[in-house]
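The lines below spell out each chain.
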Amino acid sequence: MEGTRDPAIVLEGLHKSFDGEAVLNGIDLKIDAGETVAVLGRSGTGKSVLLKLIIGLQKPDSGSIKIQGRDITSLPLKDLNAVRAKVGFLFQEAALYDSLTVEENVAFPLRRHRNGQTRERKDRVRELLALVGMEADSGKLPGQISGGMKKRVGLARALALDPDILLFDEPTAGLDPITAAEIEELILKLRKDHAITSVIVTHDLHGAAVLSDRLALMHEGNILIEGSLQELKHSTHPFVSQFFREGA
Amino acid sequence: MASGTFYRVEAGLQPLRAFFEWFGELGFFCARVARAAVTPPYEVRELIRQCDEVGSKSALLIAVAGAAIGVVLSLETRNSLIQFGAESMLPAVIIVSIIRETGPIITGLIVSGRVGAGFGAALGSMKVTEQIDAMQVSGVDPYKYLAATRILACALMLPLLTLLCDFSGIVTGWAVNTLVKPMSFQLYLDLGLKHVAFNDFLPPTFKTVVFGLIVGIVSCFEGMRVRGGTEGVGRATTNSVVIASLFIILADVVLVRLILVLFP
């Protein structure tokens, strides 16, 4: 595996502004296939925007985003959707469809992208729900389950198309420590079993350290520093020191 | 001094700019929805679900509203017609006024309230909870799956709901009429429909397709452009109803004139 690592995601000179206010200010980041990178930073530094740019939900003002070698910034929608099929996204609040049951939520991407029989689809949904421990609640609506359960279902939906890349937007935010640990365990299991490339946006230093191979700290719209937790902790940069001191 | 005047003028022009921006964005939205609607694959299942949502779930409300209109028309016009010695014209007045104008406009306004508010709120909350983003990530065009199906369902269901409103109003108009002065339903219909021509029925019924398009487009547009969390959802819901109702009334003015010109 190590010998065949190609960059799964390459971001070069990404700029993004909203109403004249720069949020991303020339970000460069390379993530190898199978690698897990945690993007840290204060609230409002553009971490979630970065994820939305990677999946093509927003367009950068300038710069390029290469997913498995394809620059998605200029792709037509059809080709962009083909790239998106290889990328799973776990939203901060899971973003489950209110009107669909847990089972239908997980089946949604499968119905769109795979022409298989209903039986195959149901088996796949059952398999995914079993993976995240939600098979007993498949008939419930999102309004009837807890925040942690929603995250599990969101994760099952993100995995539905066997993605090569997973993007996590604050996967443990708003969860109690036990549920957060369960979600972290699930993500670690995925890493171990599927060798998926992951980008995890989080505030949670502990989670970032446990889940990722590498950390990237964002500050003022850019990646201020990258490296292992130890490397970042030993940085003498005032903001990095403060971030780790306050977050410890 | 000059810069102060400039800023005051610019601040004064702000609402005007917002007005034109709104129409510009609406134009882009319509173009995007139209393109999505004609591009395969077609969302037939979702369209049928939305037709059920707009049609059968509004039916009772429309029937009750139509019934109330029939009662009011019967009560209000009876005395006036008696004064002019034209009591025998009562069935015709009720039926023609319901079919030509009251039925279509009441149906449009009620659907604007029930369905427009529902679409604005539902799409708005989908937007703020990132469900629309999740849909795009799954490779589904929300302009097709969410907007085009809802707009089309409104356009298809409005004429049917109008027929229901017309029928309900005509029946209760007869019921109230016959309580005061007994008359068979057959005679009531014969007297009323004697004055109804093709042009009195089809064009006013089919003009509600336009009302349906207005309700669908305005509410989906307002819902899908929500900003600012739950407060934004509330604003979108209100705007959906207010703007759609206003546009229905304005469109009615134009359509009535157009029908009079095309079907004299």
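All of these numbers come straight from a predicted model, not from anything done at the bench.

## Focus on the overall build of chain A
1) Next: Of the regular secondary structure elements, chain A holds nine helices and ten strands.
2) Next: The C-alpha radius of gyration computed for chain A amounts to 18 Å, which stays within 12% of the reference 18 Å derived for 248 residues, consistent with globular compactness.
3) Next: Here the C-alpha coordinates of chain A stretch approximately 55 × 45 × 45 Å along the principal axes.
4) Next: Looking at chain A as a whole, 41% of its 248 residues are labelled buried.
5) Next: For chain A, the proportion of contacts with a sequence separation of at least 24, taken over those separated by at least 6, is 65%.

## Topic: the overall build of chain B
1) Next: A tally of helices and strands in chain B yields nine helices and zero strands.
2) Next: Its helices and strands in sequence order give chain B the pattern α-α-α-α-α-α-α-α-α, from N to C terminus.
3) Next: When each of the 264 residues of chain B is scored for burial, the buried share is 44%.
4) Next: Within chain B, contacts between residues separated by at least 24 positions form 89% of all contacts whose residues are at least 6 apart in sequence.

## Details of the pairing of strand β2 (residues 21-32) of chain A
1) Next: Pairing geometry for strand β1 (residues 7-18) of chain A and β2(A), over nine bridges, is antiparallel. Within β2(A), the position partnered with A:Lys16 by the bridge is A:Leu24.

## Observations regarding the sheet that holds strand β8 (residues 197-201) of chain A
Residues and elements named next belong to chain A.
1) Next: The six strands are arranged β6-β7-β8-β3-β9-β10 in an open sheet whose pairing can be described as mixed. Each edge of the open sheet carries a strand with a single partner, namely β6 (87-90) and β10 (222-227). Sheet twist, expressed as the average angle between the axes of neighbouring strands with direction ignored, equals 20°.
2) Next: Pairing of strand β7 (residues 165-169) with β8, which is carried by five bridges, proceeds in the parallel orientation. In the strand pairing of β8, phenylalanine 168 is matched with isoleucine 200.
3) Next: Sheet strands in contact with helix α1 (residues 47-54) are β3 (36-41), β7, β8 and β9 (214-219), and its direction is about 150° off that of β8.
4) Next: In the packing of helix α5 (residues 147-159) onto the sheet, the strands contacted are β6 and β7, and the crossing angle to β6 comes to about 170°.

## Considering the environment of B:Val196
Residue and element names in this part refer to chain B.
1) Next: In this fold, valine 196 is placed in the loop between α6 (185-193) and α7 (198-206).
2) Next: Residue classification places valine 196 among the partly exposed residues on the basis of 15 C-beta atoms within 10 Å.
3) Next: Expressed as a C-alpha distance, the spacing of valine 196 and isoleucine 95, which sit 101 residues apart in the sequence, is 8.1 Å.
4) Next: In contact with valine 196, other than residues within four places in its own chain, are Ile95, Val96, Ile99 and Phe201.

## Describing the interface of chain A and chain B
1) Next: Taken together, the 14 residues of chain A in the interface contact ten residues of chain B.
2) Next: Elements with a contribution of two residues or more to the side of chain A that touches chain B: α2 (77-84) and α3 (102-113) of chain A.
3) Next: When residues in the side of chain A that touches chain B are grouped by element, the largest group, four residues, is from α3(A).
4) Next: Among the residues forming the side of chain A that touches chain B, the class breakdown is nine nonpolar, two polar and three charged.

## Some details on helix α2 (residues 44-83) of chain B
Residues and elements named next belong to chain B.
1) Next: Under the 1.5 Å per step criterion, the end-to-end length of α2 is 55 Å for 40 residues, consistent within 8% with the ideal 58 Å.
2) Next: At alanine 59, α2 is bent by approximately 50°, the largest bend along its length.
3) Next: Immediately downstream of α2, the backbone of glycine 85 shows phi near 65°, a positive value.

## Regarding the packing of helix α3 (residues 90-128) of chain B against α6(B)
All names here are of chain B.
1) Next: Packing of α3 against α6 leaves a shortest axis separation of 7 Å and a crossing angle of 70°. Between α3 and α6, the interaxial angle falls into the category roughly perpendicular. For the pair α3 and α6, the crossing hand works out as right-handed. Along the contact surface, α3 presents Pro91, Ala92, Ile94 and Ile95, while α6 presents Tyr188, Leu191, Gly192 and Leu193.
2) Next: Across the contact of α3 with α6, the residue classes break down as seven nonpolar, one polar and no charged.

## What about the sheet that holds strand β5 (residues 70-71) of chain A?
Residues and elements named next belong to chain A.
1) Next: The four strands lie next to each other as β2-β1-β4-β5, forming an open sheet whose pairing is antiparallel. Looking along the sheet, the strands with just one partner apiece sit at the ends: β2 and β5.
2) Next: Pairing geometry for strand β4 (residues 62-67) and β5, over two bridges, is antiparallel. Paired with isoleucine 67 across the bridge in β5 is arginine 70.

## Thoughts on unusual backbone geometry
1) Next: B:Pro41 follows B:Pro40 through a cis peptide bond whose omega is 0°.
2) Next: For B:Pro41, the position within the fold is in the loop between α1 (2-38) and α2.
3) Next: Phi is positive for A:Gln68, close to 45°, though the residue is something other than glycine.
4) Next: Here A:Gln68 lies in the loop between β4 and β5.

## Quick look at α3(A)
1) Next: Inspection of α3(A) places A:Val102, A:Glu103, A:Asn105, A:Val106, A:Ala107, A:Phe108, A:Pro109 and A:Leu110 among the buried residues, and these make up the whole buried set.
2) Next: Against α4 (118-131) and α5 of chain A lie the buried residues of α3(A).

## Observations regarding the confidence of the model for chain B
Residues and elements named next belong to chain B.
1) Next: Confidence along chain B averages 92 in pLDDT terms, with 99% of residues attaining 70 or more.
2) Next: Across chain B, helix α8 (residues 208-224) holds the top mean pLDDT of 97, while α1 sits lowest at 86.
3) Next: Overall fold confidence for the complex sits at a pTM of 0.87, while the interface term, ipTM, reaches 0.88.

Basis of the calculations
Residues numbered from 1 in each chain as written. Chains lettered and ligands numbered in written order. Predicted model: local features only at pLDDT ≥ 70, side-chain atom pairs only at ≥ 80, totals over all residues. Helix = DSSP H or I, 4+ residues; strand = E, 2+ residues; numbered from the N terminus. Rg over C-alpha atoms; globule rule 2.2 N^0.38 Å. Buried ≥ 20, exposed ≤ 12 C-beta atoms within 10 Å, placed from the backbone. Contact = placed C-beta atoms within 7 Å. Pairing = 2+ DSSP bridges. Axes fitted to C-alpha atoms, helices over the stretch in contact; angles between N-to-C directions. Nonpolar A, V, L, I, M, F, W, Y, C, P; charged D, E, K, R; others polar. Expected span 1.5 Å × (residues − 1). Bend = angle between axes of the 7 residues up to and from the residue. Parallel < 35°, antiparallel > 145°, perpendicular 65-115°, else oblique. Left-handed = near helix turned anticlockwise from the far one by under 90°. pLDDT = per-residue confidence, 0-100.

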